[in-house]
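Here's the letter readout for the chains.
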Amino acid sequence: MAMPEAVRWGPGRRSVRIIDQRALPGALAELDLRTVDEACAAIRTLAVRGAPAIGIAAAMAFALAMGEHAPAPAETRAARARAIAGALRDTRPTAVNLGWALDRMLAVAADPRLAGDALRDALAREATAILDEDRAMCRRIGEHALTLFPVDARVATHCNAGALATGGIGTALAAVYLAAERGDRVRVFVDETRPLLQGSRLTAWELQQAGVDAVVIADSAAASVMRRGDVDLCIVGADRIAANGDVANKVGTYALAVAARHHGIPFYVAAPSSSFDPATPTGAGIVIEQRAADEIRRGFGSLTAPPAIPVYNPAFDVTPADLITAIVSDRGVHRPPFEFTAS
Ligand code: MRU
C-alpha cells in the first residue's frame, strides 16, 4: 500500500520536504523548508502537523540550521543550538513529541567530540533515526491495535492520526491499514473535525487513496451513528499522554469518548512511546494550545460567525483515563489502571 510521505529529506538533504497539508484534499503539493523560520511557519500554520510529524520536521530543520554554520566556539554553538530549538519548540505547546525530538537533537549538538562535517553528519543521522524509528513504531502500533479489531471492523476516528501525521502508516489508522491489507472490509467513520477539518480534508483523503471504505460525518453526528449500532470501536491518536493515562488529543476527542462510553463502545488511543510524558502526572498539567479566533469566525475564508464575536478555540482537549479502554503503543496494549513511568 503506497502511503503519502508527510515529511522527509529534500534532495541532497538540503531541505525538509513536506506535503503541504493546507492544500489537501484539493491539491497534493510539496514544500521545501530551508530555514528555521520556514519550518516554524509551516508547523504553526499546520502545513505539517500531527504530533510525530512535527517532531520529525523540527529535528530535520534543527539539523539543517546547526549544520550550515562554520565551526564556532563551544559557547556560541550551545547558545545557537538553544535558540534554534527554542524557536521550534515554541511553535506548538501541546504535542510532547516536538520537545522530545528537539531534546535528542540538542544532546547531539552538545557533544564536544563533534565539530564541522562530523557534527553535520551526526545531526542528520539523528534526525533520520527519529524518522525511521517513528516509521517502525507506527507498524508495531498497528500490529498491536489489530489484535483489538474484530473482522471487518467498523471504526470511528477523530482528526488525522494517519500517514499524514507521522513518519509511517500512522497511529490510529495503522491498524485500519493492516486490517485492509489482510483482506478485511474495514469501514471508517471519519469525524470531519471542526474547525480545521483534519478529518474530512486529510483522513478521508488518505483512506480513499488507500482504497479503504471511509464515510465522513459531522462531529455532531458521531453519537447518533453509535446509537444506530454502526460502530464497533473508536480509535484516535494522542498529542501527549500523562503518567496517569489522561490523553490530550484534537478537540472533540473527549466528546467522542463520552459518547462511546454511553453506548458501551470501546475507546482506544494509539500513540508511539514518544507521546508519553511521565513527567506530567495528570492531564491537568498539559498545556492546551489556543488558536486564532478567525479559524472559527472565518472558516477557510468565509464569514462563519459575526466578525468581532469573542471565540474560545482550544486546539486540543483532555480525555480522562477512565474513559479509555486501552492505550496502544509500540510497546503493546496498555490496560487501566495506567501508570506510565520514565523508562
Ligand atoms: O492540530 P493537529 O492537526 O496537529 O492535531 C493532531 C492530532 O490531534 C492528532 O490526533 C495527534 O497529533 C496524533 S497524530 C499521530
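Keep in mind the model is a prediction, meaning the values are calculated, not measured.

Reading the values: rules and limits
Residues numbered from 1 in each chain as written. Predicted model: local features only at pLDDT ≥ 70, side-chain atom pairs only at ≥ 80, totals over all residues. Heavy atoms only, no water. Helix = DSSP H or I, 4+ residues; strand = E, 2+ residues; numbered from the N terminus. Rg over C-alpha atoms; globule rule 2.2 N^0.38 Å. Buried < 20%, exposed > 50% of the residue type's maximum accessible area, 1.4 Å probe, protein only. Contact = heavy atoms within 4.5 Å. Areas by Shrake-Rupley, 256 points an atom, 1.4 Å probe, with all protein chains shown as cover. Lys, Arg positive; Asp, Glu negative; His and termini not counted. Charge placed at Lys NZ, Arg CZ, Asp CG, Glu CD. Phe/Tyr/Trp six-rings, centres within 6.5 Å; stacked < 30°, edge-to-face > 60°. Lys NZ or Arg CZ within 6 Å of the ring centre and 35° of its normal. Pairing = 2+ DSSP bridges. Axes fitted to C-alpha atoms, helices over the stretch in contact; angles between N-to-C directions. Domains from an automatic or database assignment. Buried area = accessible area lost by both parts, 1.4 Å probe. Salt bridge = Lys/Arg side-chain N within 4 Å of Asp/Glu carboxyl O. Polar contact = N/O pair within 3.5 Å; in protein donor to acceptor, adjacent residues only side chain to side chain. Nonpolar A, V, L, I, M, F, W, Y, C, P; charged D, E, K, R; others polar.

Bringing the overall build of the protein into the picture now. Looking only at helices and strands, the protein features ten helices and 14 strands. On C-alpha atoms alone, the protein measures out to a radius of gyration of 20 Å, which is about the 20 Å that the 2.2 N^0.38 rule sets for 343 residues. Taking all 343 residues of the protein together, the buried fraction comes to 56%. Restricting to contacts in the protein with at least 6 residues of sequence separation, those with at least 24 account for 74%. Here the protein has roughly 14,300 Å² of accessible surface; of this, 54% comes from carbon and sulfur atoms. When the 36 positive and 38 negative side-chain charges of the protein are each reduced to one mean point, those points stand 2 Å apart.

Here the focus is the packing of aromatic side chains. According to the stated counting rule, one finds two aromatic pairs in the structure shown. Ring geometry for F276 and F340: centres 4.4 Å apart, planes at 45°, overall tilted. Linking F276 in strand β11 (residues 276–277) with F340 in the segment after β14 (332–334), this pair joins segments that are 64 residues apart in sequence. Each member of the pair, F276 as well as F340, is classed as buried. Here F338 and F340 contribute two aromatic rings whose centre-to-centre distance is 5.8 Å and whose plane-to-plane angle is 15°, an arrangement assigned as stacked. Joined through ring pairs, the aromatic side chains of F276, F338 and F340 make up one cluster. The ring centre of W9 lies 6.0 Å from the NZ or CZ of R13, which sits over that ring.

Pairing is mixed in the open sheet, where seven strands are placed in the order β6-β5-β4-β7-β10-β13-β14. Since the sheet does not close on itself, it has two edges, and those belong to β6 (213–217) and β14, each with one partner. Recorded for the sheet is a direction-independent mean angle of 25° between the axes of neighbouring strands. Here strand β4 (residues 154–157) pairs with strand β5 (residues 187–191) via four bridges, running parallel. Its bridge partner lying in β5, A156 is registered against F189. Along the sheet, helix α5 (residues 116–146) makes contact with β7 (233–236), β10 (267–270), β13 (326–329) and β14, crossing β13 at roughly 145°.

The next thing to look at is the domain arrangement of the protein. Each assigned domain of the protein is listed with its residue range as follows: domain 1 (7–139) and domain 2 (141–334). On a C-alpha basis, the centres of domain 1 and domain 2 stand 25 Å from each other. Facing the 28 residues of domain 1 at the interface are 39 residues of domain 2. The contact between domain 1 and domain 2 buries some 2,700 Å² in all, and 55% of this surface belongs to carbon and sulfur atoms. A per-residue breakdown of the area domain 1 buries against domain 2 is headed by T94, C138 and R139, which together make up 27% of the total. Inspection of the region where domain 1 meets domain 2 yields one salt bridge. The closest approach of N and O atoms between R92 and E289, which form a salt bridge, is 2.9 Å. Seen at the junction of domain 1 and domain 2, the total is 22 residue pairs in polar contact (both at pLDDT 80 or more). Secondary structure elements with two or more residues in the side of domain 1 that touches domain 2: α2 (51–67), α4 (96–109) and α5. If one sorts the elements of the side of domain 1 that touches domain 2 by residue count, α5 sits on top with six residues. Looking at the side of domain 1 that touches domain 2 residue by residue, the class counts come to 16 nonpolar, five polar and seven charged.

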